[in-house]
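Listed below are the residues making up each chain.
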Amino acid sequence: MADQLPLNPVRSAAAAAGASRKRAAYYSAAGPGPGPDRHSRYQLEDESAHLDEMPLMMSEEGFENDESDYHTLPRARITHRKRGIEWFVCGGWKFLCTSCCDWLINICQRKKELKARTVWLGCPEKCEEKHPRNSIKNQKYNVFTFLPGVLYEQFKFFLNLYFLIVSCSQFIPALKIGYLYTYWAPLGFVLAVTIMREAVDEFRRFQRDKEVNSQLYSKLTVRGKVQVKSSDIQVGDLIIVEKNQRIPSDMVFLRTSEKAGSCFIRTDQLDGETDWKLKVAVSCTQRLPSLGEDSDPPVHESLGIENTLWASTVVASGTVIGVVIYTGKETRSVMNTSNPKNKVGLLDLELNQLTKALFLALVALSVVMVTIQGFVGPWYRNLFRFLLLFSYIIPISLRVNLDMGKAAYGWMIMKDGNIPGTVVRTSTIPEELGRLAYLLTDKTGTLTQNEMIFKRLHLGTVSYGTDTMDEIQSHIINSYSQVHSQASGNNTSLIPPRKTQSSTPKVRKSVTSRVHEAVKAIALCHNVTPVYESRAGSGGDSECTEADRDFGDESRTYQASSPDEVALVQWTQSAGLTLVSRDLTSMQLRTPGGQLLTYCVLQTFPFTSESKRMGIIVKDESTAEITFYLKGADAVMAPIVQYNDWLEEECGNMAREGLRTLVVARKCLTEEQYQDFESRYNQAKLSLHDRALKVAAVVESLEREMELLGLTGVEDQLQADVRPTLEMLRNAGIKIWMLTGDKLETATCIAKSSHLVSRTQGLHVFSPVASRGEAHLELNALRRRQDSALVISGDSLEVCLRYYELELLELVRQCPAVVCCRCSPTQKARVVRLLQQHTGRRTCAVGEPHPGPRAARRGNVPEHFKRIWCLDAHRQSDGGNDVSMIQAADCGIGIEGKEGKQASLAADFSITQFKHIGRLLMVHGRNSYKRSAALGQFVLHRGLIISTMQAVFSSVFYFASVPLYQGFLMVGYATIYTMFPVFSLVLDQDVQPEMAMLYPELYKDLTKGRALSFKTFLTWVLISVYQGGVLMFGALLLFEAEFVHVVLISFTALVLTELLMVALAVRTWHWLMALAELLSLGCYVASLALLNEYFDVAFITTGAFLWKVSAVTVVSCLPLYVLKYLKRKLSPPSYSKLSS
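Since we're looking at a predicted model, the values are computed, not measured.

1. Regarding the sheet that holds strand β9 (residues 314-315)
Working step 1: If you walk across this open sheet you meet the three strands as β7-β6-β9, and the pairing is antiparallel. Two strands bound the open sheet, and with one partner strand each, they are β7 (276-280) and β9.

2. Digging into empty space enclosed by the protein
Working step 1: Throughout the structure, instances matching the rule amount to seven cavities of 30 Å³ or more.
Working step 2: The volume enclosed by the second largest cavity comes to roughly 180 Å³.
Working step 3: In terms of lining, the second largest cavity is formed by 16 residues, of which the most central are Tyr-183, Tyr-392, Pro-963, Tyr-965 and Met-970.
Working step 4: Within the residue set of the lining of the second largest cavity, elements represented by two or more residues are α5 (181-213), α10 (379-389) and α27 (916-956).
Working step 5: The element contributing the most residues to the lining of the second largest cavity is α27, with three residues.
Working step 6: Grouping the constituent residues of the lining of the second largest cavity by class yields ten nonpolar, six polar and no charged.

3. Thoughts on helix α19 (residues 691-700)
Working step 1: Looking only at α19, the buried set comprises Arg-691, Val-695, Val-698 and Val-699. On an axial view of α19, the arc spanned by its buried residues comes to 100 degrees, and they lie on one face.

4. Brief notes about the pattern of salt bridges
Should the charged atoms of two oppositely charged side chains come close, the side chains can pair.
Working step 1: Following the criterion strictly, the structure yields 26 salt bridges and no others.
Working step 2: Arg-730 serves as the salt-bridge partner of Glu-727, at 2.7 Å between the closest nitrogen and oxygen. Of this pair, Glu-727 and Arg-730 both sit in helix α20 (residues 722-731), three residues apart, which is roughly one turn of that helix.
Working step 3: Accessibility expressed as a relative area gives 34% for Glu-727, which makes it partly exposed.
Working step 4: A relative accessible area of 17% means that Arg-730 is categorised as buried.
Working step 5: Residue Arg-1067 pairs with Asp-988 through a salt bridge whose shortest N-O separation is 3.2 Å. One end of the pair, Arg-1067, is in the loop between α32 (1043-1065) and α33 (1071-1088); the other, Asp-988, is in the loop between α29 (979-983) and α30 (993-998), with 79 residues separating them in the sequence.
Working step 6: Its relative accessible area of 3% is what places Asp-988 among the buried residues.

5. Re a positive patch on the surface
Working step 1: Where like charges cluster on the molecular surface, the positive patch consists of Lys-1004, Lys-1008, Arg-1010, Lys-1015 and Lys-1127.
Working step 2: Exposure remark for Lys-1015: the relative accessible area of 68% places this residue in the exposed category.

6. Quick look at helix α17 (residues 647-656)
Working step 1: Restricting attention to buried positions, one finds in α17 the residues Leu-647, Glu-650, Cys-651, Gly-652, Met-654 and Ala-655.
Working step 2: Contacts made by the buried residues of α17 are with β13 (448-458), α16 (634-637), β22 (659-669), β23 (707-718) and α21 (744-753).
Working step 3: Downstream of α17 by a residue or two, Gly-658 has a phi angle that is positive, lying close to 85 degrees.

What counts as what
- Residues numbered from 1 in each chain as written.
- Predicted model: local features only at pLDDT ≥ 70, side-chain atom pairs only at ≥ 80, totals over all residues.
- Heavy atoms only, no water.
- Pairing = 2+ DSSP bridges.
- Helix = DSSP H or I, 4+ residues; strand = E, 2+ residues; numbered from the N terminus.
- 1 Å grid on protein atoms, 1.4 Å probe; cavity = no way out; pocket = protein on both sides within 12 Å on 5 of 7 lines; lining within 4 Å.
- Points joined across faces, edges and corners; volume = space filled by probe spheres on them.
- Nonpolar A, V, L, I, M, F, W, Y, C, P; charged D, E, K, R; others polar.
- Buried < 20%, exposed > 50% of the residue type's maximum accessible area, 1.4 Å probe, protein only.
- Arc of directions from axis to C-beta.
- Salt bridge = Lys/Arg side-chain N within 4 Å of Asp/Glu carboxyl O.
- Patch = residues over 30% accessible without salt bridge, like charges linked within 9 Å, V, L, I, M, F, W, Y side chains within 5 Å.
- Areas by Shrake-Rupley, 256 points an atom, 1.4 Å probe, with all protein chains shown as cover.
- Lys, Arg positive; Asp, Glu negative; His and termini not counted.
- Charge placed at Lys NZ, Arg CZ, Asp CG, Glu CD.
- Contact = heavy atoms within 4.5 Å.

Pasting the structure below:
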């Protein structure tokens, strides 16, 4: 097959014109400023002009008057703009710096100008412009930027930068106060762990890239087939891709081994969808004869999106040949990959603030010491030495312990057998799961299963549900039995008189006839293709299918780009009308009696997000009837179909039941009508300018006064245990918002059926608004409603955010639940960002996070085809489904489900079912936050207590800047002596997981941030000051002769105090905790005999050493144990009541 494609190195004529104009997305909130078209949509009324001075009423006073709300509102407070120096000081400097940086970035990273390109088939060397290499590169660094990049990422944090400066200061002899390794060893350990982790990740990315780039493909040249690596493929190459092989670059589909001239591709690696996509080969190249014959036919054909093969998709059927048009970073899959922001947890930000506060305390303490000295001698040198002596106030091990703790939390989440399949993709924010105040969720595939089931067929006067589907089947059997009997009696009676049909009076059709026409329309109007399991080997799949069309129903599966389409075709099969085959030009239906009905597919008009409808023109081969079938959303179909009095009402009824509705209509065409349409349609497709608009105009000329056949209702079932999960989250104090693209009625019904809106809550539907005055009145009406959930559409949301952003957010914050329908992906992300900005609370987004195409439609792929293809390089973005919302939220959760594991790479956490969110938040989120807070405060306490001892020691010895502990003692204290017991706090839990799930109210306390606040921080500071003072003064009072005894007594008591404090903080003991305590104590006791340089070994064996250490330790710890006992008795926390 590949040898039949001629290679003509002769350049042909024709090129594509510029990109077709695209309609600006109405929902887009991130586009350019409002233009004249946008203003016209929100043209203000005359009386609305005064609304600048009339803000919304935020109290009940104005609503007691008889006048309208909008005239009783108080005058606004006029804010004056800051000017001059006041503006510069109050934030103008930040604006100027940002503007300058943006300008420099734009200058340095100026993008390549997008323009049409000429592609030479089989002759890439003739391309005049340079194109990127077809190599995939997911590495963050290269050999030269790895080390600088990793070091920058580490030292941009205040904590690490501070310790780098402190460590470097030890190279100055006048500032040196100890051994170099006491400072450089901890810092080097931190950097070594980070560099090794990054190096391993980089190597893995390099290995994956190398594997993909080294895949071999067959390339057609004038000398025949040659093998070429994926990374060596160039624009213009003719590449052969076998079945189940990855497509290496964006290509135009020229030829296939399938007789139908089409193939299926799998796009789950690109957009997360598991449904196969049908791609069509260019008809002129598919028909080309073999070499040696006339292989230079005139080519004059337009190309569409169905003629393209995207990189990173997989060929699912046949062998294909394509010409490469985009490579490397210009491919759709690479453009689809965005760099999401690096999310930083709130706990990390809070600890960073506490670190800065400790630094100020460090500077203040050093200044006090120098001041008491009287600024004698080189006081500035003494000031720096004191800064170095007290530097352990800010422990470098803080970030190491927290990062290791987060890794442990992630491991626990993924090993939890109650939530199988959960994947932690962002290991830096597990504690964010315990701080959530808002949960924003999608509907389709999130609250629902994205598995469609046909539920209702309405024909205007009669409606069929799941319990009456057998009646439809009987009607179909009767209709085809009558047709068969008539055909056996008189074959010519089946051909109606086409010319006189319009003049005959309308006769009321029977129910059987109407059911038959509606079911036949549903069975024909779709883009579904039946796929049969092959019984032969890998070769000859298509031949096997051609030869054996009567496969059983069990071996047939349906493939389509939409699950709704598959559900409709499966339903027609159950009704008796089965789709048995489909190709580009025909389809076959099997009647209940086994008869095959063949239809020629004349034209297909695929569904688009702009048109919201799908059409097909078919010709019945037995009767030569030409029929135009159309189905779509009720909003766009209502003006297309003939007048009726039931469509709008029934659509509303089905939407209230939670069904997705489709209106089905038809129009019979004469041969002359179709020929006229076809000529105009082909002419429009070959247009160089505004081709899409001209094609749409020609199609719309057919969409007039169409016969309404019926209304279908398909149900998207709720996921398992959605209702109890939402109830649990609501009891935990989390406000749940549903952001969906579905219509208002369907979204409202799902909100009620899923108990997103509880039975005790009211429901306020925000009326559609288009002007500022209408928005003003509707917001005032919302203000009157107490404890009511809000349902608002994307149109109204856009208007309210334009004029009353602060007032709207103030009102919706008081709503127990919010449903936003008809929301675009851009609006979803904007809602998340607004909640973050105006509430300051943590948000979580839940959805189907398949990374939707940033370049889902590349404009008009080639504008014109005449011996050479010029492809439009203007590629626009459709945006992902929920990716923008997930990446904008503080915490993103993706539900994998049917979409596959590759589909949820954009999320921070991936789960398989919505019900797993309950345990993920109530158990793991709660434990992660409380454990991280305790771990962080203990590490700070460990540094504060030794700094306090150093301060007391210096004060007693005439404010000398001499270190109390030197060398290994400082390193050992922060590592082997205390690290394991402190880190074992990651295993602590206050209540059992089952109790946390049973009482979600325990989660409420976490959102207040009381586990780590300035109050708890100051409490730990007082504890550290008390214990450090007791340990140091006790050692000074009890030592007798030698100063080395002070070091021995105080350091031993310090280690014992730290171990006892960990034991005091533990709420539920784990065997690893006890092991860590005993191991640390054993290591210290064993090392006493080896530390001759620091300790008096002979004194250790005396009884005086034991009672003095014991006395100091008891005085430092016993009061805290007593206070903890009294607090638990007098004011026990909520979890202790449940534990008891």
